[in-house]
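# Examining the three-dimensional arrangement
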Amino acid sequence: MASSNIPEKTIERLSEYRRTLLSCHKQGITHIFSHVLAGIHGITAVQVRRDLMLIGFSSDTKKGYDVKVLIDFISNILDSDTVTNIAVIGMGHLGQAITKYFNGRGLKLKITTAFDIDPAKVGQTIDGIPCHHMETFEEVVEDKDIDIVIVSSPSRVADELVVPIVNAGIKGVLNFTSRPLNFPRGIVVENYDITTLLEKVAYFVKENEENPTDD
Ligand SMILES: NC(=O)c1ccc[n+]([C@@H]2O[C@H](COP(=O)([O-])OP(=O)(O)OC[C@H]3O[C@@H](n4cnc5c(N)ncnc54)[C@H](O)[C@@H]3O)[C@@H](O)[C@H]2O)c1
């Protein structure tokens, strides 16, 4: 996906660790051992320590990691200095669900804008987000300083969105349609196809049933 010294899977785990750490911090927990963090995420303590070593974090004390220090350390790696503005393309069921879920979480990522073609949605404010027509995509992206888009349009129109996204200078795309999208180098893209993921789960369930293990 992106060019980075830190592997993609580690980045995903760092984001997951941070959510756990934030929840600990909220509960007043000040320290956490690597094996506890590992247990919560269903991985080994070695994996947690390896991930944290990769980002240069090594202040494991007798009491475990300092939760607040680790949150700040991971945030320095994951977050930009400023808020990153995100737009949703296709403000239907999924687009609205993602917006509701995501905003108000105090992250450095914020969905600020939506695009659609439905006259009933264009010009409206949906869940606090103004919805613009796709025809105005390039100018609105520039005006609202949008860096990332979430594609939740119908799959059949996903291909048509590639050129406008590139032309508008979008830097990252999270695509939820069942149509995998490719972009020129330099644009980070993650295709999240729920059917593929579900079929993968079902396959391994079948495998487990056919070849049960003792543990
Ligand atoms: N709903 C889910 O749980 C779910 C889960 C995983 C993936 N998906 C995928 O997400 C996508 C959206 O699903 P949904 O259920 O929200 O559909 P939906 O029909 O509720 O929403 C699609 C929205 O996209 C808009 N749209 C149509 N053409 C457009 C265009 N050219 N540019 C911008 N917007 C356009 C429509 O007006 C509508 O508001 C689909 O590709 C679907 O396969 C949906």
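Residues numbered from 1 in each chain as written. Predicted model: local features only at pLDDT ≥ 70, side-chain atom pairs only at ≥ 80, totals over all residues.

As named in an unreviewed UniProt entry, the chain is Redox-sensing transcriptional repressor Rex, taken from Alistipes communis. Comment text from UniProt for the chain, heading Function (unreviewed entry), reads "Modulates transcription in response to changes in cellular NADH/NAD(+) redox state." Under the heading Sequence similarities (unreviewed entry), UniProt records this for the chain: "Belongs to the transcriptional regulatory Rex family." (UniProt positions renumbered as here; feature names shortened; annotations may be inferred.)

## Some words on the environment of Gly56
The residue Gly56 is located in the loop between α3 (45-54) and β2 (65-66) in this model. The spatial distance from the C-alpha of Gly56 to the C-alpha of Gly42 is 23 Å, given a sequence separation of 14 residues. (Helix = DSSP H or I, 4+ residues; strand = E, 2+ residues; numbered from the N terminus.)

## A look at the nonpolar core
Core analysis: the biggest nonpolar cluster contains 22 residues, and Ala87, Val88, Ile89, Ala114, Val149, Ile150 and Val151 have the highest contact counts within it. For this core, the elements supplying multiple residues, two or more each, are β3 (84-89), β4 (109-116), β6 (129-133), α6 (137-144) and β7 (146-151). Leu14, Ile32, Leu52 and Tyr65 belong to the second-largest nonpolar core, a separate cluster that totals 13 residues. (Core = buried A, V, L, I, M, F, W, Y, C linked by C-beta atoms within 7 Å. Buried ≥ 20, exposed ≤ 12 C-beta atoms within 10 Å, placed from the backbone.)

## Description of the site of the ligand
Around the ligand, the structure places 22 residues, and the nearest of them are Gly90, Gly92, Leu94, Asp118 and Thr177. Per-element tally for the shell around the ligand: the top contributor is helix α5 (residues 93-102), with three residues. Split by residue class, the shell around the ligand holds ten nonpolar, nine polar and three charged. (Near = placed C-beta within 6 Å. Nonpolar A, V, L, I, M, F, W, Y, C, P; charged D, E, K, R; others polar.)

## Considerations on the domain arrangement of the chain
For the chain, the assigned domains are domain 1 (8-77) and domain 2 (84-196). Centre-to-centre separation of domain 1 and domain 2, based on C-alpha positions: 31 Å. (Domains from an automatic or database assignment.)

## Digging into the UniProt feature "binding site: NAD(+)" (unreviewed entry) in the chain
Within this numbering scheme, the UniProt entry marks Gly90, Met91, Gly92, His93, Leu94 and Gly95 as carrying the feature "binding site: NAD(+)" (unreviewed entry). Following the sequence through the fold, His93 ends up in helix α5. In this structure His93 comes out as exposed when scored by C-beta crowding, with 9 C-beta atoms within 10 Å. Within the fold, Leu94 resides in helix α5. Owing to 17 C-beta atoms within 10 Å, Leu94 belongs among the partly exposed residues under this scheme. In contact with Leu94, other than residues within four places in its own chain, are Ser152 and Phe176. (Contact = placed C-beta atoms within 7 Å.)

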